[in-house]
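One-letter residues, chain by chain:
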Amino acid sequence: MARQAQIGVTGLAVMGRNLARNFARHGHTVAVHNRTATRTRELVAEFGHEGDFVPAESARDFVAALERPRRLVIMVKAGAPTDAVIDEFAPLLEPGDMIMDGGNAHFEDTRRREAALRERGLHFVGCGISGGEEGALLGPSIMPGGSAESYRALGPLLESISAKVDGEPCCAHIGPDGAGHFVKMVHNGIEYADMQLIAESYDLLRRVAGYAPDRIADIFRKWNTGRLDSYLIEITAEVLAHNDAATGGPFVDIVADRAEQKGTGRWTVQTALDLGVPVSGIAEAVFARSLSGHNELRAAARELPGPERPELHPDDAARFTENVEQALYASKIVAYAQGWHLIQAGSKEYGWDIDRASVAAIWRGGCIIRARFLDEIRAAYGGERAPVTLLADPGFAEALRAAQNAWRHVVATATELGVPAPGFSAALAYYDALRAGRLPASLVQGLRDYFGAHTYERTDRDGSFHTLWGDDRGERPA
Ligand SMILES: NC(=O)C1=CN([C@@H]2O[C@H](COP(=O)(O)OP(=O)(O)OC[C@H]3O[C@@H](n4cnc5c(N)ncnc54)[C@H](OP(=O)(O)O)[C@@H]3O)[C@@H](O)[C@H]2O)C=CC1
Ligand SMILES: O=C(CO)[C@H](O)[C@H](O)COP(=O)(O)O
């Protein structure tokens, strides 16, 4: 009888190839398959010595190579290609078999696919995987959804290849159907917000403090030894210190200033709008990328007036740098608080019962937003009583208190000097709005009632009311 594989990976581009190698390096026999067979052959030729691979050039051979119940991982382009691959393989499977989609699928697609395959007796596991090409090989953060039964069969394999922090695997069952892909989507939304805040910090240090990229790289390197310690801060220092081989100048100056996006940040904001969750930090990050690509608009506005830019005294520049660190940390807390709020809302809406401490735990390693302060988020949600918002957790509340003057100074300075800082500003506005005793939403309600008889509630009595604006302005219960 032919060799049987514990798991199979179809889709052998950067992610799938490295995941397959990771499984093999951990002693699992892995069946490998790709639509274009040359990728399969190249994988085995280049890396066959790393472990036990069973190459298959047809879908039928691939399925036949898997031990039962079959565990099949799809790592192809999200969207229609994923449906095409499911349609190709599902007819070849038997009840109890498992299909895991490790691509960046939209969670609603995952819910649809899971329901359809469940009807056929198959388990469908939508699984978020973060860590990029290197993470896939050396240990990603893994966020599987799907049934508890499928996790019992797939979990041990996934945990074996995931990143480990303090010996704990960065992999946990997130919840049924689309929960894993939902959480991965929010991860990417936070990734957008984090990167935007980092980019704004760089811009302020460059344009306000007047520092060159290599000096800013040193600042980020220093920040990475403190509470901002994270993968994104670490690689920011690397990118800023890098010089372009062709020109000899800073790499960051030669790269076109148009940030692209594949869609997960946009999905996060769209979902947040549907669920009524204010994720302003993520939204500003998505809009900032979008704005950066509007060449025509930018060219038309380039000569518009702005403020005079005074030079900062070197002593002021050093103090300003410290303030930027405070503003970055405070704004980062806000971005993560918004992300966790969205996870909570999604969990409630779809009945997923997501453990928010566990999400923080599995993001501590392997993924793009891995950071020291996820330990604190885990602790905040792991206690007896989870905070209503992360901002109210005593540790984070103290950090926000300590950052007040610096944070406001940075936002005010950016505004005064005409340096856009939408991430910092939105984070501060969110913070101030949440802590406000009264919001001007009361006036919005009044206006809505005036032009559309939309009614309003009162602070002193239950019920809904309408004022007869066009008549005697008397008030009636609605
Ligand atoms: N790159 C990254 O850093 C990360 C990517 N992801 C997600 O992982 C998945 C894989 O990503 P990545 O490795 O970058 O690869 P790509 O997203 O570039 O996808 C390429 C793979 O998809 C296959 N494919 C495309 N269309 C079809 C189709 N109609 N039928 C069958 N196979 C098809 C290709 O096969 P062929 O060789 O025949 O063209 C190839 O194997 C994606 O969903 C991505 O969003 C998740 C985390 C990080
Ligand atoms: O999933 C990822 C990491 O977790 C990818 O790196 C992500 O797709 C990058 O997104 P974008 O191209 O939109 O910046």
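Structural data are supplied above this passage.
The model shown is predicted, which means the values in this text are computed figures rather than measured ones.

Asker: What should I look at first to understand a positive patch on the surface in this one?
Answerer: Judged by side-chain charge, R35, R39, K77 and K262 come together as a positively charged surface patch. Among the secondary structure elements, R39 is positioned in helix α2 (residues 37-47).

Asker: Explain the site of ligand 2 here, please?
Answerer: The immediate surroundings of ligand 2 are formed by N104, S130, K184, H187, N188, E191, Y192, Q261, K262, G263, R289 and I368. N188 has a polar side-chain atom sitting 3.1 Å from an oxygen atom of ligand 2. A distance of 2.5 Å is found between an oxygen atom of ligand 2 and a side-chain nitrogen or oxygen belonging to Y192. With the chains in place, 79% of the 370 Å² that ligand 2 exposes on its own is no longer accessible. Here the shell around ligand 2 gets five residues from one element, more than from any other, and that element is helix α8 (residues 179-207). A per-class count over the shell around ligand 2 returns two nonpolar, six polar and four charged.

Asker: Got a minute to help me understand the side chain of T268 in this structure?
Answerer: With respect to the secondary-structure elements, T268 resides in helix α12 (residues 264-275). With a relative accessible area of 0%, T268 lands in the buried category. Excluding residues within four positions of it along the chain, T268 makes contact with M185, V186, G189, I282 and L342.

Asker: Any chance you could explain the pattern of salt bridges here in plain terms?
Answerer: For side chains bearing opposite charge, pairing can occur when the charged atoms are close. A full pass over the atoms with the stated rule returns 33 salt bridges. Taking the shortest distance from any N to any O, the salt bridge between R111 and E108 comes out at 3.4 Å. In this pair, R111 and E108 both sit in helix α5 (residues 107-119), three residues apart, roughly one turn of the helix. Residue E108 is classed as partly exposed on the basis of its relative accessible area, which comes to 36%. When salt bridges with common partners are traced through the structure, they connect D83, D101, D109, R112 and R113 into a single cluster.

Cut-offs and rules
Residues numbered from 1 in each chain as written. Chains lettered and ligands numbered in written order. Predicted model: local features only at pLDDT ≥ 70, side-chain atom pairs only at ≥ 80, totals over all residues. Heavy atoms only, no water. Patch = residues over 30% accessible without salt bridge, like charges linked within 9 Å, V, L, I, M, F, W, Y side chains within 5 Å. Areas by Shrake-Rupley, 256 points an atom, 1.4 Å probe, with all protein chains shown as cover. Salt bridge = Lys/Arg side-chain N within 4 Å of Asp/Glu carboxyl O. Lys, Arg positive; Asp, Glu negative; His and termini not counted. Charge placed at Lys NZ, Arg CZ, Asp CG, Glu CD. Helix = DSSP H or I, 4+ residues; strand = E, 2+ residues; numbered from the N terminus. Near = heavy atom within 4 Å. Polar contact = N/O pair within 3.5 Å; in protein donor to acceptor, adjacent residues only side chain to side chain. Nonpolar A, V, L, I, M, F, W, Y, C, P; charged D, E, K, R; others polar. Buried < 20%, exposed > 50% of the residue type's maximum accessible area, 1.4 Å probe, protein only. Contact = heavy atoms within 4.5 Å.

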